[in-house]
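Spelled out from the first residue to the last, the chains are:
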2 protein chains.
Amino acid sequence: MSLVVIGTVAFDAIETPFGKTDKIVGGAATYASLAASYFCDKVKIVAVVGDDFPESEIADFGNHGIDTEGLQIKQGEKSFFWSGRYHEDMNSRDTLVTELNVLADFDPVIPENYQDCRYLMLGNLTPQVQQTVISRLRQRPRLIVLDTMNFWMDVALTDLLDTLKMIDVLTINDAEARQLSGEYSLVKAAQKILKMGPKYLIIKKGEHGALLFGEGKIFSAPALPLEEVFDPTGAGDTFAGGFIGYMAKVSTVNFQNMRNAIIYGSALASFCVEKFGPEKLKKLSQAEIADRVQQFVSLAQFEIS
Amino acid sequence: MSLVVIGTVAFDAIETPFGKTDKIVGGAATYASLAASYFCDKVKIVAVVGDDFPESEIADFGNHGIDTEGLQIKQGEKSFFWSGRYHEDMNSRDTLVTELNVLADFDPVIPENYQDCRYLMLGNLTPQVQQTVISRLRQRPRLIVLDTMNFWMDVALTDLLDTLKMIDVLTINDAEARQLSGEYSLVKAAQKILKMGPKYLIIKKGEHGALLFGEGKIFSAPALPLEEVFDPTGAGDTFAGGFIGYMAKVSTVNFQNMRNAIIYGSALASFCVEKFGPEKLKKLSQAEIADRVQQFVSLAQFEIS
């Protein structure tokens, strides 16, 4: 019984008000699989890189117990590359460079040993590729989580709407929920989006936390107020990976478990933003995670009798 | 032992995407005292109006058990008037008209029977007038809450900084916390502001809830996700009034009680925005409030062992 993560494994070059990086490792599947690996010991990755991708980084996945049999390495080709610059508020950013490279004709391969997939994380990618992965799994996973972004709403809305019919949980940010639904009120947006297919909707609000909608209920999760957000890249992927990793660990899909999964996902994301790239995510201890989760508990608790 | 509320009692004319009003009753002290009256039966108001202010509205205060001995009525003068138009997002607005009228030379009078004040709500007003009220109370109240806005940071910063040294709790929004501190991170902003005088800081984030800082702790309160925000006017004042009203009711000043006070204040504010002006606030039942507070409990609760 495994958790399969599909998404980009790539290079990023990031500028924030705190500094800039050369090409460092990034990508939705990188962040999500590392985050999930703290909760689930059978994380398996589906992605594609070029032969420029360092073997040491692939070894790092292995060190986290992440199966990379589904990570294709294209000889003579280059890995996906994204470069961006964050604004002062760290909530908005400009894309400086996007080089699709190997991603241009990515045909996801599902190794036979991935067919035990029960939890499927569809990281941000072309909706068409996300759909292909679902169709290549012989058994429908117990839980399919899909992360996407405004870009696909702009250029591949029909494919995205088709894909939404096949999944259980959609994670998007507040601006994207408004774009997808055409509603400003997030409550109305959620009502519309839940009619598009997903049974649950998570609206990510960055420094304002997250909202979970489903089963006629709403859960509002806080974000940990941080002194400094160093680099927000990958925070959403980390959140989603932590979320589905925790769901795989507790292995019962319901609203109550999803509340906790959101807290664990948020805790992982709060580590992610403390350093450039996935560095911090590679070196966490269970004690650090438990301590961070307790900070969320004290942050949010009140007792009204 | 009473709760004294100082602020504007005034006329507003409001435009939102849902409609517009003629002159209706508004003002910080109106909203705050009505909100507080649901928790405390000794709410006393200090404010000034012109002789254009309807007697029926003053009677409405009385119907809520609010003492209006400190409400001066200036014969031959007009009440403060504000007119504004909210943008589509309901978070930003343009001021169309501001007529100070009686407010231009407001000299607050503290009736003798207000000298039992133990809880003091300094609603949004000139910092100099807020200070005057503190100085005219012979006994320092147990809890002084001050609400202010960016306007006073722009035009009366020195007075505001002096006033901050005399209070216990400051309530401002996130943009104002950033302006007052010069820090983008709200954690750093809070650290700086807590050095300016107040022991507690509440940062109001509208649809994203509120943060309480103090005693080295942070509490993150959710906002109730609403299908429609009809008119946000007075929501911050209502929040502050509900907050201090609850504190007067429980009558022990500590962080734990303040957590609950924020939830009660948020619940009252969530009613306020459902109609134009303070209409909704005038007709609440204790059962409605208890039910709304329970919605906050279900919204925010999670259990991690």
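Topic: the overall build of chain A
Item 1. On a plain count of helices and strands, chain A comes out with 10 helices and 14 strands.
Item 2. Computed over the C-alpha atoms, the radius of gyration of chain A is 18 Å, within 12% of the 19 Å expected from 2.2 N^0.38 for a compact globule of 305 residues.
Item 3. Here chain A holds 305 residues, and the buried ones make up 49% of them.
Item 4. Here the contacts in chain A between residues at least 6 apart in sequence split such that 67% fall between residues at least 24 apart.

What to know about the sheet that holds strand 1 (residues 2-6) of chain A
Within a beta sheet, neighbouring strands are joined by backbone hydrogen bonds and run either parallel or antiparallel to one another.
Residue and element names in this part refer to chain A.
Item 1. Pairing is mixed across the open sheet formed by nine strands, whose spatial order is 6-5-1-9-10-11-12-13-14. Pairing within the sheet leaves two strands with one partner each, and these edge strands are strand 6 (66-74) and strand 14 (217-221). Within this sheet the neighbouring strands show an average axis-to-axis angle of 15°, counted without direction.
Item 2. As paired strands, strand 11 (residues 169-173) and strand 12 (residues 200-204) are joined by five bridges and run parallel to one another. Following the sheet pairing, I172 is matched in strand 12 by I203.

Quick look at the relation of the copies chain A and chain B
Item 1. Under the fitted operation, chain A is carried onto chain B by 0.0 Å of movement along the axis and a turn of 180°, and the coordinates agree to an RMSD of 0.0 Å. Such a combination of turn and shift is consistent with a two-fold rotation axis. Judged by C-alpha distance, A:H208 is the residue of chain A that lies nearest the rotation axis, at 3.0 Å.
Item 2. In this assembly the copies share their binding face: 100% of the residues contributing to the interface of chain A also contribute to that of chain B.

Some details on the environment of B:F18
Item 1. For B:F18, the location among the structural elements is in the loop between strand 2 (10-16) and strand 3 (19-20).
Item 2. Measuring from C-alpha to C-alpha, the distance between B:F18 and B:E228 comes to 9.6 Å, with 210 residues separating the pair along the chain.

Remarks on the interface of chain A and chain B
Accessible area lost during the coming together of the parts is what is often quoted as the interface size.
Item 1. Contacts between the two partners involve 27 residues from chain A and, on the opposite side, 27 residues from chain B.
Item 2. The element contributing the most residues to the side of chain A that touches chain B is helix 10 (residues 286-300) of chain A, with four residues.
Item 3. Here the residues of the side of chain A that touches chain B are counted per class, giving 16 nonpolar, four polar and seven charged.

Quick notes on the packing of helix 9 (residues 255-272) of chain B against helix 10 (residues 286-300) of chain B
All names here are of chain B.
Item 1. Running from N to C, helix 9 and helix 10 cross one another at 110°; their axes reach a closest spacing of 9 Å. By the angle between their directions, the pair helix 9 and helix 10 is classed as roughly perpendicular. Taken as a pair, helix 9 and helix 10 cross one another with a handedness that is right-handed. For the pair helix 9 and helix 10, the contacting residues are I263, Y264, S266, A267, S270 and F271 in the first and I289, R292, V293 and F296 in the second.

Considering the packing of helix 3 (residues 127-136) of chain B against helix 5 (residues 157-164) of chain B
All names here are of chain B.
Item 1. Contact geometry for helix 3 and helix 5: axes closest at 8 Å, N-to-C directions at 30°. Taken as axis vectors, helix 3 and helix 5 run roughly parallel relative to one another. By crossing handedness, the relation of helix 3 to helix 5 is classed as left-handed. Where helix 3 abuts helix 5, its residues P127, Q128, Q130 and Q131 lie against D159, L160, D162 and T163.
Item 2. Taken together, the residues that form the contact of helix 3 with helix 5 break down as two nonpolar, four polar and two charged.

Considerations on the sheet that holds strand 9 (residues 117-122) of chain B
Residue and element names in this part refer to chain B.
Item 1. Read from one edge of the open sheet, nine strands run 6-5-1-9-10-11-12-13-14, paired in mixed fashion. Edge strands, defined here as strands with exactly one partner in the open sheet, are strand 6 (66-74) and strand 14 (217-221). Along the sheet, successive strands turn relative to each other by an average axial angle of 15°, direction set aside.
Item 2. As defined by bridge partners, strand 9 adjoins strand 10 (residues 143-147) across four bridges and the pair is classed as parallel. When the bridges of strand 10 are listed, M121 appears paired with V145.

A few points about the environment of A:K44
Residue and element names in this part refer to chain A.
Item 1. Note on placement: K44 falls in strand 5 (residues 43-50).
Item 2. When the 26 C-beta atoms within 10 Å are taken as the criterion, K44 is described as buried.
Item 3. It is 15 Å that separates the C-alpha atoms of K44 and R136, two residues lying 92 residues apart in sequence.
Item 4. If we skip the residues at most four places from it in the chain, K44 touches S2, V4, D67, G70 and Y114.

Focus on the confidence of the model for chain A
Caution applies to low-pLDDT regions: their predicted coordinates should not be interpreted in detail.
Item 1. Here chain A shows a mean pLDDT of 96. Residues at 70 or above account for 100%.
Item 2. Across the interfaces of the predicted complex, the ipTM metric reaches 0.93, alongside a pTM of 0.95.

How each quantity is defined
Residues numbered from 1 in each chain as written. Chains lettered and ligands numbered in written order. Predicted model: local features only at pLDDT ≥ 70, side-chain atom pairs only at ≥ 80, totals over all residues. Helix = DSSP H or I, 4+ residues; strand = E, 2+ residues; numbered from the N terminus. Rg over C-alpha atoms; globule rule 2.2 N^0.38 Å. Buried ≥ 20, exposed ≤ 12 C-beta atoms within 10 Å, placed from the backbone. Contact = placed C-beta atoms within 7 Å. Pairing = 2+ DSSP bridges. Axes fitted to C-alpha atoms, helices over the stretch in contact; angles between N-to-C directions. Least-squares fit on C-alpha atoms with pLDDT ≥ 70 in both. Nonpolar A, V, L, I, M, F, W, Y, C, P; charged D, E, K, R; others polar. Parallel < 35°, antiparallel > 145°, perpendicular 65-115°, else oblique. Left-handed = near helix turned anticlockwise from the far one by under 90°. pLDDT = per-residue confidence, 0-100.

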